[in-house]
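# Close look at the chain arrangement
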2 protein chains.
Amino acid sequence: MRSSGLTVAVAGATGAVGEEMLAILEERDFPCDEVRCLASVRSEGKRVEFRGRKLVVNVLTADSFEDVDVALFSAGGARSLEFAPAAVRSGAVVVDNSSAFRMDPETPLVVPEVNPHAISRHKGIIANPNCSTIQMVVALKPLHDVARIRRIVVSTYQSVSGTGKKAMDELARQTVNLLNFKEIERKVYPHQIAFNCLPHIDSFLENGYTKEEMKMVNETAKILDPAIKVTATTVRIPVVNGHSESVNVEFERPYDLDELRTLLARSPGLVVEDEPARTLYPLAIRASGQDPVYVGRLRRDFSCPNALNFWCVADNLRKGAALNTVQIARELIGRGLVRTP
Amino acid sequence: MRSSGLTVAVAGATGAVGEEMLAILEERDFPCDEVRCLASVRSEGKRVEFRGRKLVVNVLTADSFEDVDVALFSAGGARSLEFAPAAVRSGAVVVDNSSAFRMDPETPLVVPEVNPHAISRHKGIIANPNCSTIQMVVALKPLHDVARIRRIVVSTYQSVSGTGKKAMDELARQTVNLLNFKEIERKVYPHQIAFNCLPHIDSFLENGYTKEEMKMVNETAKILDPAIKVTATTVRIPVVNGHSESVNVEFERPYDLDELRTLLARSPGLVVEDEPARTLYPLAIRASGQDPVYVGRLRRDFSCPNALNFWCVADNLRKGAALNTVQIARELIGRGLVRTP
């Protein structure tokens, strides 16, 4: 590959999303000469594979970003708040996967298939939306363009990988213990997640919603259109990876179902799987490890004029996090919005 | 117990629901002197426990119902169509758990907490609604009484016990195999159910909906109010027993959230679990084995005037099937609608 002269930092390189970021940078031949892996003290000295070499993980500090052009953050909101401004001061553009800056009016919140233009007004930080929002807005964007969305009622079926590696371990351990008639331990989730489902993701707010639910409400408005009203119920289910969503959309205008299906099939980042007769519809186990957002089960909602139901599935670690972050970084470079040699 | 002189038949006595029926007849000291266990040839001669005795399972035929007062059917729609009329001709009142007669205008479709009055117009058969409908209408009934429901958007999280014992085995077997890195077999469901979720319950119809989804639409209208519009997405998740539902309700009238919560808490068959700060909300693993319908996560839907979101969980084998059937049978006796000695 030709030298680009660019250096990318990955903050949170040993986490579930960080590992996925490194994999995607490599898969997509990302135009950078150096990748700097950063993480907490706990991971100091670990080695991670990248382009056939072992990269040493260094501790994330305010001094980590000298000569870094793009810093991809996925180390939790507290670390983003602490270190993203330092990265910007060092001259890097930050693409942040935490919720820390998402609703900051100064910070663009970007899904490249939906609002790539927002990138250009960045002031050093670009926020990556929440996983459950990203996959939904990728599917909604073409629909909104033709029929104008008025209201969305969404219920989610979210995998444990969104919580991180410890949650994936907890699901596996609880499952094994239950199958062996042993006591289970609850460390990550407040209740048993194996063979159960929890209507509780992130913490509860005064209004009765969880933060996760309000992310879907507020981020959709910011990314797609402030006129769109969303109500959400977000639920954790015992799936390892891949979020599924049951989406009900009310449009302002009448629509033709076959036209919408065709439109979705040719829209960027989307794959339509919608042949019920062949039991073809999006599935978490099939979306896991893949880049697209899958949509299916498209059908007219007979309870309301101009309304539609569909089912939407994506790999929450990839399109829901790491891939979208890398796509934003790629757009930054393509638009000449980072220091280029 | 005092002799009632009544004989109850259980058709499908060795299935997941049939076993639950026998357990509930015993738990509730059901006023009958004899229980006759019927099933297919495959189960002939099996013995089932009831009131400390072993009852022999006989083959279900048209001649099985002599002297039977109440026949509880849970042997599949085909067997109900074949043998329920014979039971009626023998003088029994049939309470049928299959979908065979539910939408027949001559057949009452009953949830005792919701429309017990419908029982009295029976012509020999009373239908038990679908599991996913029953728990929802128990929760909706008090809400409809005070605020008039206009429209419902529901997404379900349904356990495998609703499919039967073979599906429970399939979930366990697939889970064990996946944890041991072995190939899995798919016999009951068209796709892997372990660590996955399937937006597909029962078969698909021409309109893009599944039969399960249309049951929620049509049965809710028949039981509660034909003016109520419902749209549903029904999803199978890897939970052993207990269905969960994310329910969005639009009312005609304004409501007070605390009043609705209080109303639900004192309504029959309902338990409110709604203290998010203590992570108290309904859970499938806790509802399993219990009689009530649990509701929680009650919160105003800010996307639409007079709308509400809630989360509703029940044991689909009990309130969703066997318990509701036994409750109907108890109502029949209480109202003197079967032959009494």
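Residues numbered from 1 in each chain as written. Chains lettered and ligands numbered in written order. Predicted model: local features only at pLDDT ≥ 70, side-chain atom pairs only at ≥ 80, totals over all residues.

## Quick look at the pairing of strand 4 (residues 53–56) of chain B
All names here are of chain B. Sheet analysis places strand 3 (residues 47–50) next to strand 4, joined by 4 bridges and oriented antiparallel. In the strand pairing of strand 4, valine 48 is matched with leucine 55. In sequence, strand 3 turns back onto strand 4 through a hairpin of 2 residues, with arginine 51 there showing a positive phi of about 45°. (Pairing = 2+ DSSP bridges. Helix = DSSP H or I, 4+ residues; strand = E, 2+ residues; numbered from the N terminus.)

## Observations concerning the domain arrangement of chain A
All names here are of chain A. Under the domain assignment, chain A is made up of domain 1 (7–128 + 321–334) and domain 2 (132–316). Computed from C-alpha atoms alone, the centre-to-centre distance between domain 1 and domain 2 is 25 Å. Opposite the 13 residues of domain 1 that make contact, domain 2 presents 17 residues. Sort the elements by how many residues they give to the side of domain 1 that touches domain 2 and helix 8 (residues 318–334) lands first, with 3 residues. Residues that form the side of domain 1 that touches domain 2 fall into these classes: 7 nonpolar, 4 polar and 2 charged. (Domains from an automatic or database assignment. Contact = placed C-beta atoms within 7 Å. Nonpolar A, V, L, I, M, F, W, Y, C, P; charged D, E, K, R; others polar.)

## Some points on the sheet that holds strand 7 (residues 93–96) of chain A
Residues and elements named next belong to chain A. Here 6 strands make up an open sheet; going across it, the order is 5-2-1-6-7-8 and the pairing parallel. Both outer strands of the open sheet, strand 5 (58–59) and strand 8 (125–127), are each paired with one neighbouring strand and no more. In this structure, strand 6 (residues 70–73) lies alongside strand 7, joined through 4 bridges in parallel fashion. Note on strand 7: the bridge partner recorded for phenylalanine 73 is aspartate 96. Packed onto the sheet, helix 1 (residues 16–27) meets strand 1 (7–11), strand 2 (34–39) and strand 6 and runs at close to 155° relative to strand 1. Lying over the sheet, helix 2 (residues 77–89) contacts strand 1, strand 6, strand 7 and strand 8, oriented at roughly 160° with respect to strand 7. (Axes fitted to C-alpha atoms, helices over the stretch in contact; angles between N-to-C directions.)

## Section: the relation of the copies chain B and chain A
Superposition record for chain B on chain A: RMSD 0.0 Å, screw rotation 180°, translation along axis 0.0 Å. The two molecules are tied by a two-fold rotation axis, judged by turn and shift. When the interface residues of chain B are mapped onto chain A, 100% of them again lie at the interface, so the same face is used by both copies. (Least-squares fit on C-alpha atoms with pLDDT ≥ 70 in both.)

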